[in-house]
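Coordinates in review
If you want the building blocks of each chain, they are given just below.
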Amino acid sequence: MKKKVLFIILPVILILLIGVVVFLNLNSFQVKNFKDTLEIPYNTTFHADTGTVCFGNKFKCHEVKVTKTGEIDTSKIGTYEIKYTYTYKNKSLTKNQIIKVIDNINPIITLPDQEFIGCPNKQDLKFEATAYDEYDGDLTANIIETINDNKVTFKVSDSSGNTAEITKDITYLDNASPIITLNGERTLYVNLNGKYQEQGATAEDNCDGNITNKIVTSGTVNTSTPGEYQITYEVTDSAGNKTSLVRKIFVYAKNNYNAPSGKSIYLTFDDGPGPYTGKLLDVLKKYEVPATFFVTNQSLTKNYDNMILRAYNEGHTIGLHTNTHNYNIYQNSDTYFADLYAIQAKVQRITGYTSMIIRFPGGSSNTISMNYDHGTKIMSELTKAVEAKGFRYFDWNISSGDAGETTSTAQVVKNITSNLGNGSTYMVLQHDIKGFSVNAVEEVIKYALAKGYTFRAITMETPTVHHRINN
Ligand code: ZN
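The structure reproduced in this document is the subject of the present report. (Residues numbered from 1 in each chain as written. Predicted model: local features only at pLDDT ≥ 70, side-chain atom pairs only at ≥ 80, totals over all residues. Heavy atoms only, no water.)

**Things to note about the overall build of the chain**
- Check the secondary structure of the chain and you find eight helices and 29 strands.
- Taking 23 Å as the expected radius of gyration for a compact globule of 471 residues, we find that the chain reaches 50 Å, considerably beyond that expectation.
- Along the first, second and third principal axes, the C-alpha set of the chain runs to 180 × 60 × 35 Å.
- Burial status across the chain gives 41% buried among its 471 residues. (Helix = DSSP H or I, 4+ residues; strand = E, 2+ residues; numbered from the N terminus. Rg over C-alpha atoms; globule rule 2.2 N^0.38 Å. Buried < 20%, exposed > 50% of the residue type's maximum accessible area, 1.4 Å probe, protein only.)

**Topic: the pairing of strand β6 (residues 78–88)**
- As paired elements, strand β5 (residues 65–69) and β6 share five bridges and run antiparallel to each other. Counterpart to valine 66 in the pairing with β6 is tyrosine 86.
- In this structure, β6 lies alongside strand β7 (residues 91–102), joined through 11 bridges in antiparallel fashion. Pairing of tyrosine 84 across the sheet is with lysine 95, part of β7. (Pairing = 2+ DSSP bridges.)

**Considering the sheet that holds strand β9 (residues 116–118)**
- Pairing in this open sheet of four strands is mixed, and the strands run β9-β14-β13-β12 from one edge to the other. Each edge of the open sheet is held by one strand with a lone partner, namely β9 and β12 (144–148). Between one strand axis and the next, the sheet turns through 30° on average, direction left out of account.
- Note that β12 and strand β13 (residues 151–157) share five bridges and pair antiparallel. For glutamate 145, the partnering residue across the bridge sits in β13 and is phenylalanine 154. (Axes fitted to C-alpha atoms, helices over the stretch in contact; angles between N-to-C directions.)

**With respect to the coordination of the zinc ion**
- Asp271 (OD), His321 (NE2) and His325 (NE2) make up the full set of protein donors to the zinc ion, lying at 2.1 to 2.2 Å.
- In the primary structure, the donors to the zinc ion are separated according to the pattern D-x49-H-x3-H. Of this pair, aspartate 271 sits in the loop between β22 (264–270) and α2 (277–286) while histidine 321 sits in strand β24 (residues 317–322), and the two are 50 residues apart along the sequence. The burial state of aspartate 271 is the same as that of histidine 321; both residues are buried. (Donors = N, O, S within 2.8 Å, 3.2 Å for Na, K, Ca; no water.)

**A word on the state of the cysteines**
- Tallied over the entire structure, the rule returns two disulfides.
- At a sulfur-sulfur separation of 1.9 Å, the disulfide partner of cysteine 54 is cysteine 61. Here cysteine 54 and cysteine 61 share a disulfide; its torsion about the S-S bond, 90°, makes the bridge right-handed.
- Each disulfide pairs two cysteine sulfurs, and for cysteine 119 the partner residue is cysteine 207, the sulfurs being separated by 1.8 Å. Measuring handedness by torsion sign, the sulfur bridge of cysteine 119 and cysteine 207 sits at about -85° and is left-handed. One end of the pair, cysteine 119, is in the loop between β9 and β10 (130–133); the other, cysteine 207, is in the loop between β17 (201–205) and β18 (209–210), with 88 residues separating them in the sequence. In this pair, the class of cysteine 119 matches that of cysteine 207, namely buried.
- In the chain, the bonded cysteines, numbered by position in the sequence, are linked as 1-2, 3-4. (Disulfide = S-S within 2.5 Å.)

**Section: the nonpolar core**
- Membership of the largest hydrophobic core comes to 53 residues, with the highest contact counts inside it found for Leu267, Leu284, Phe293, Tyr336 and Ile445.
- No other element matches the seven residues that helix α8 (residues 441–450) contributes to this core.
- Among the domains, domain 3 (179–252) and domain 4 (264–455) are the pair contributing at least three residues each to this core.
- When residues no more than four places from it in sequence are discounted, the contact partners of leucine 267 are Leu284, Val289, Ala291, Thr292, Val428, Gln430, Val441, Ile445, Phe455 and Arg456. (Core = buried A, V, L, I, M, F, W, Y, C linked by side-chain atoms within 4.5 Å. Domains from an automatic or database assignment. Contact = heavy atoms within 4.5 Å.)

**Some words on the pattern of salt bridges**
- A complete count under the given rule lists 14 salt bridges for this structure.
- Aspartate 49 serves as the salt-bridge partner of lysine 35, at 3.3 Å between the closest nitrogen and oxygen. On the criterion of sequence distance, the pair formed by lysine 35 in the loop between β1 (28–32) and β2 (37–41) and aspartate 49 in the loop between β2 and β3 (52–56) is long-range, its members being 14 residues apart.
- Since its relative accessible area comes to 23%, aspartate 49 is described here as partly exposed. (Salt bridge = Lys/Arg side-chain N within 4 Å of Asp/Glu carboxyl O.)

**Some words on the environment of valine 235**
- Inspection of the secondary structure puts valine 235 in strand β20 (residues 227–236).
- The class of valine 235 is buried, set by a relative accessible area of 1%.
- For valine 235 and aspartate 395, which are 160 residues apart along the polypeptide, the C-alpha to C-alpha distance reads 48 Å.
- Beyond its immediate stretch of four places on either side in the chain, valine 235 contacts Pro178, Ile180, Ala203, Ile211, Lys214, Ile215, Asn241, Lys242 and Thr243.

**Considerations on helix α6 (residues 409–417)**
- For α6, the set of buried residues is Val412, Val413, Asn415, Ile416 and Thr417.
- Next to the buried residues of α6 lie β27 (398–399), β28 (425–431), α7 (435–438) and α8.

**A closer look at the environment of leucine 340**
- As for its position among the elements, leucine 340 is in helix α4 (residues 333–351).
- Taking the C-alpha atoms as reference, leucine 340 lies 8.7 Å from isoleucine 358; in sequence the two are 18 residues apart.
- Excluding residues that lie within four positions of it along the chain, leucine 340 makes contacts with Leu320, Ile358 and Phe391.

Next comes the structure, spelled out in structure tokens:
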């Protein structure tokens, strides 16, 4: 009987023991919501996602200690690994997690704030756009431009495959005129019976490109007759925009001052002689143009006294300007005449010629003399006094501007030639101590000869050119 009971109880105890052991062994790491892979946008903060892990069973579960190894650089796109170690007492569990730092921001395409205009011939269509990506930076070079009729589409992808696309209308229009460029000078001077060589021109158009072969040239140059001629170059682009350009050609003969001409020019040069007078005399000789030199005896001109003799010998008129060019000569008539006679004597010593042709320093209209004359209106007095003594004085009616605001040869040419009209007497004021002014003389001469003017030197018979007295 006792043995029989044991046979029943022992297996029950054994079963219970096994049950306890099994129950105890059921305790393990319980893992919920752990993600093997995570994606986070770049430049955001990474928060460790450990899931829910505990140690135990479904009836009772103990909190575990978590340690983490591995680094993530969220500023760089890439795949990173974090290792979590969960520990409970002497038991531990390790889990790996893959973190993908990604770029999910689209690039941005920017278009200029203006209409897209294309050439009607649709040649070389190309429009401007820029692209920028937060992660990759400037992506302008990666833009793909597609043109479809009157729309242009720009597309761009960043290094992570994020894309942007923008479409804009195209207006087909050409209202820009072609540009003609002349070969050679725009103003040419040709000697009488010389040769005019047509040098042609080139034409460029914004839409049609080089359209030189469409230039139509008209006009002729008759080099056997002095005068002004024009060659006109005209070109039209495929959209009908027209451009024309004119070249002026002046055919001139050497000056003939015995010719009965109604239009005379008197070139006059004050304040010299000086370092440029020799060059000026060379030019005058080349065109057989006589001029008038109103000379001085300032320290800077003394070294060029030989130029007075050369000018005289070459047929120019030597006029008297002043010995000192100091305005204190205007104190009274004695001081004025003392100065005038000094320069007259000097010219006489050099040339043997007694000049009676004068120009007042500052001209007869000057107001600077009022600083010296103590209110005596010296210019009113002197203009009468010189004539009473047999002198003739000359002012000017064309100023080259070379004593003041003008400092370029081209401007001197313009100041003179633009004032030449159909009058009979043009008296031009220049200063042969100014190199840039002397350099203008050749072009003035060629221009005026072609226009039918005759150059003359002042004589005692030359028509009067007087300013209004201003004192
Ligand atoms: Zn002067």
